[in-house]
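Tertiary structure, described
For reference, the chains in residue letters:
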Amino acid sequence: MGSGASGILTTIQLIEQAGDVDIKGRLRIQVFDRDGDLARGPAYGTLHDCHILNMRASTMSMYADRPEHFCDWMNVQFREDGGAVSGDAYVPRSRYGRYLREQLLNAVEGAQRQGVEVEFVTAEVTDCLPGSGKALVQCGDVMYPCDAAVLCSGDIAGNRFPQLTDTPGYISSAWQYEAIAGIHQSRSVAVIGSSLTAVDVLVMLDALGHRGEIHCVSRLRSLPKVQGPPSPWELQYVTRERVEKLTEHGTRQAALAEIAALYRQEVELATGTAVDWAAVLGSAHRPVADTLPEDIREAAEGRNRWYAALDATGHLAPYLWNRMDDSSKDVFLARYASLWAMYRHSMPLPNAEKIWRMVREGQLHAHTGFRSVTRASGRSHTLTYVADGREHEITADYVVNATGASPDITELDDPLISNLLHAGRLRPHRHGGIDVDFATGQVIGLDGTASMPMYFVGPLTRGVHFYTHSVETLRTNAAATARALLRDLD
Ligand SMILES: Cc1cc2nc3c(=O)[nH]c(=O)nc-3n(C[C@H](O)[C@H](O)[C@H](O)COP(=O)(O)OP(=O)(O)OC[C@H]3O[C@@H](n4cnc5c(N)ncnc54)[C@H](O)[C@@H]3O)c2cc1C
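Residues numbered from 1 in each chain as written. Predicted model: local features only at pLDDT ≥ 70, side-chain atom pairs only at ≥ 80, totals over all residues.

1. A look at the overall build of the protein chain
Within the protein chain one finds 16 helices and 15 strands. Over its C-alpha atoms the protein chain spans a radius of gyration of 23 Å, differing by no more than 12% from the 23 Å that the globule rule assigns to 490 residues. Projected onto the principal axes, the alpha-carbon positions of the protein chain cover approximately 65 × 55 × 55 Å. Here the protein chain holds 490 residues, and the buried ones make up 41% of them. (Helix = DSSP H or I, 4+ residues; strand = E, 2+ residues; numbered from the N terminus. Rg over C-alpha atoms; globule rule 2.2 N^0.38 Å. Buried ≥ 20, exposed ≤ 12 C-beta atoms within 10 Å, placed from the backbone.)

So, in structure tokens, the structure goes:
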């Protein structure tokens, strides 16, 4: 259910792995999508070339065993545009969408030759019910029986500021690209949030030739740090072996302090120097105008070796999260997640350079300490933030909510998730999103068991897998779900 990146990766994995369990002639896959489009979710459905991948091309292959696959594809598709595409490039996300679509269509063609049937259904899935040990996919009045269902319905933008709903000039999600494109160029804009989602809005306004003043306002921390050049880093401390030893092979959970100590040692080894951790912890509120020029220089000269070390841990993040105890996770999410994201989810250098130009030219002002947003008069909105111990006020004609998805699924306005939640067929996870089995993605219901053949692949498993906003994790999870599902069907 859903034909974004997760649905496509899962379908391809099902097709590829069908041979391993000798189910080919009996396998029929139905791919549901409410829009009938492939790879047109918020990430890869954008048509604006200023929206680039947040990761280098070399890390974006759909196939874990063929890391060069995306770059090779790019080089066939876009060679005429100006020579070979470097693996270090940050390419427009729309191209990645095209890559996903093409791979799926190729896989479907191949599948049909091997007797695996794939059918695309354009319909909104409204529920998924149990039916004699199997599942019934409901689309309005129509039921589709199946042996197993995989939900790949993506992330859902949170409605963080309900008081502004239907207010002229309020854009409730940074993923409403056409609404952002409609912002009057000379008007003032406030972007709420400071993650890569907010960066997307800022670079989009820049690309559209926006001339009005822009305020980027966030609660806890400044805009992301800047990614350094690719430099392979062989992990010495943050390794499976060390964590297995630490947790006595999974017989006990690790504490946050223990995992943090491994990261500290890894980063200090990579940077070759003792890190001033108090300065790092205090960096969340430092004004962008003070930090960004040095961050850009450091990244351009390849001096931010801490990034290479953090980046190298990407594939281990779900495993490390799984090995940590629940109260450590609570503490991490409450106190450090925002700072972690600021460093770990650094922005690509080309975006940082655009943002610094906007700051230097006096167009963009970034503030932390965000407190409130209210509608003032007419089209205008008032935002407040606290800095230097006092409250400040700004007004803006447009407000864009760039705070991204809400971790709390009980707040989401989505019929499918709401129906499943209210029927107890899924339950919220203590650390955000929905609860699933870590190894297989099988959905866990209100009674604490995974009794239905229903799985989830995608960002909503964030409480279980932590790092779900990357193709790297989605690729791993799609393969694991396909494996488990086919094994059960065999
Ligand atoms: C803006 C942005 C940029 C990102 N950039 C990167 C990056 O550079 N590199 C990286 O590795 N990761 C990136 N990610 C993370 C991740 O790769 C994407 O979030 C990815 O697109 C998630 O895919 P998905 O299929 O789970 O969700 P989506 O892409 O949102 O797809 C969900 C699909 O399900 C359909 N759907 C939803 N509900 C229903 C329903 N009830 N019935 C039928 N169909 C339904 C929707 O129409 C949609 O087609 C980014 C994420 C975002 C949001």
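2. A look at the site of the ligand
Within the structure, the ligand sits among 33 residues, and Gly2, Gly4, Gly41, Gly154 and Gly458 are positioned closest to it. Only α1 (5-18), β1 (28-33) and α16 (471-489) provide two or more residues apiece to the shell around the ligand. Looking at the shell around the ligand element by element, the count peaks at three residues for α1. Of the residues belonging to the shell around the ligand, the class tally is 14 nonpolar, twelve polar and seven charged. (Near = placed C-beta within 6 Å. Nonpolar A, V, L, I, M, F, W, Y, C, P; charged D, E, K, R; others polar.)

3. Some points on the packing of helix α5 (residues 196-207) against helix α13 (residues 349-360)
Two elements in contact, α5 and α13, have axes separated by 10 Å at closest approach and are oriented at 65 degrees. When the axis of α5 is compared with that of α13, the two are roughly perpendicular. Pair α5 / α13 crosses with left-handed handedness. In contact with Val199, Leu202, Val203 and Asp206 of α5, α13 contributes Asn351, Lys354, Ile355 and Met358. The residue makeup of the contact of α5 with α13, split by class, is five nonpolar, one polar and two charged. (Axes fitted to C-alpha atoms, helices over the stretch in contact; angles between N-to-C directions. Parallel < 35°, antiparallel > 145°, perpendicular 65-115°, else oblique. Left-handed = near helix turned anticlockwise from the far one by under 90°. Contact = placed C-beta atoms within 7 Å.)

4. Topic: the domain arrangement of the protein chain
Assigned domains within the protein chain: domain 1 (5-156 + 406-489), domain 2 (162-224 + 348-401) and domain 3 (240-344). For domain 1 and domain 2, the distance between their C-alpha centroids amounts to 32 Å. Taken together, the contacts link eight residues of domain 1 with nine residues of domain 2. (Domains from an automatic or database assignment.)

5. Points about unusual backbone geometry
Despite not being glycine, Asp388 shows a phi value in the positive range, around 50 degrees. Inspection of the secondary structure assignment puts Asp388 in the loop between β12 (381-387) and β13 (390-396). Judged by C-beta crowding, with 6 C-beta atoms within 10 Å, Asp388 ranks as exposed. For Phe466, which is not glycine, the phi torsion reads 65 degrees and is therefore positive. Inspection of the secondary structure puts Phe466 in the loop between α15 (462-465) and α16. Judged by local crowding, Phe466 falls into the buried class, with 23 C-beta atoms found within 10 Å.

6. Details of the sheet that holds strand β3 (residues 127-131)
One key point about sheets: their strands pair by backbone hydrogen bonds, in either a parallel or an antiparallel sense. Across the sheet, three strands lie side by side as β3-β4-β5; this open sheet has antiparallel pairing. Every interior strand has two partners, whereas the edge strands, β3 and β5 (142-146), have only one. Strand-to-strand, the axes of this sheet are offset by a mean angle of 30 degrees, without reference to chain direction. Examined bridge by bridge, β3 and strand β4 (residues 134-139) share five bridges and lie antiparallel to one another. Bridging across to β4, Leu129 finds its partner in Leu136. (Pairing = 2+ DSSP bridges.)

7. Notes on the sheet that holds strand β9 (residues 214-217)
Reading across from one edge, β7-β14-β8-β9-β10 is the order of the five strands in this open sheet, with parallel pairing throughout. In the strand order of this sheet, the two ends are held by β7 (170-171) and β10 (364-367), each with one partner. Looking at chain direction, β9 and β10 are connected through four bridges and run parallel. Pairing of Cys216 across the sheet is with Ala366, part of β10.

8. Section: α13
Helical periodicity: at 3.6 residues per turn, an α-helix aligns residues three or four positions apart in one direction. In a regular helix each residue adds 1.5 Å, so twelve residues correspond to 16 Å; α13 covers 16 Å between its end C-alpha atoms and thus fits that length. Regarding α13, the residues found buried are Asn351, Ala352, Ile355, Met358 and Val359. Buried residues of α13 fall within an arc of 125 degrees about the axis and therefore sit on the same side. The exposed residues of α13 that point more than 90 degrees off its buried face are Arg357 and Arg360. Directly after α13, the chain includes Gly362, whose backbone phi takes a positive value near 80 degrees. (Expected span 1.5 Å × (residues − 1). Arc of directions from axis to C-beta.)

9. Description of the environment of Asp166
With respect to the element layout, Asp166 can be found in the loop between β6 (149-151) and β7. Owing to 6 C-beta atoms within 10 Å, Asp166 belongs among the exposed residues under this scheme. In this structure, the C-alpha to C-alpha distance between Asp166 and Gly19, residues 147 residues apart in sequence, is 51 Å.

10. What about the pairing of β5?
Both faces of the sheet carry side chains from a regular strand, because those side chains alternate between them. Where β4 meets β5, five bridges bridge the pair, whose relative direction is antiparallel. The partner of Ala135 across the bridge, within β5, is Cys146. Counted between consecutive antiparallel strands, the loop separating β4 from β5 contains two residues, among which Gly140 sits at a positive phi close to 60 degrees.

11. Here we look at the nonpolar core
Core analysis: the largest hydrophobic core is formed by 65 residues, its most contacted members being Ala5, Leu100 and Val443. Setting aside chain neighbours within four positions, we find Leu100 in contact with Ala5, Ile8, Leu38, Ala39, Tyr44 and Met62. (Core = buried A, V, L, I, M, F, W, Y, C linked by C-beta atoms within 7 Å.)

12. Some details on the environment of Gln236
Topologically, Gln236 is positioned in the loop between β9 and α6 (240-246). Residue classification places Gln236 among the partly exposed residues on the basis of 13 C-beta atoms within 10 Å. For the pair formed by Gln236 and Leu262, sequence separation is 26 residues and the distance between their alpha carbons is 9.0 Å.

13. Some points on the packing of helix α7 (residues 256-271) against helix α10 (residues 305-312)
Packing of α7 against α10 brings their axes to within 8 Å, and their N-to-C directions diverge by 135 degrees. By the criterion of interaxial angle, the relationship of α7 to α10 is oblique. Handedness of the crossing formed by α7 with α10: right-handed. Side by side, α7 and α10 meet where Glu266, Val267, Ala270 and Thr271 of the first sit next to Arg305, Trp306, Ala308 and Ala309 of the second. In the contact of α7 with α10, the residues fall into five nonpolar, one polar and two charged.

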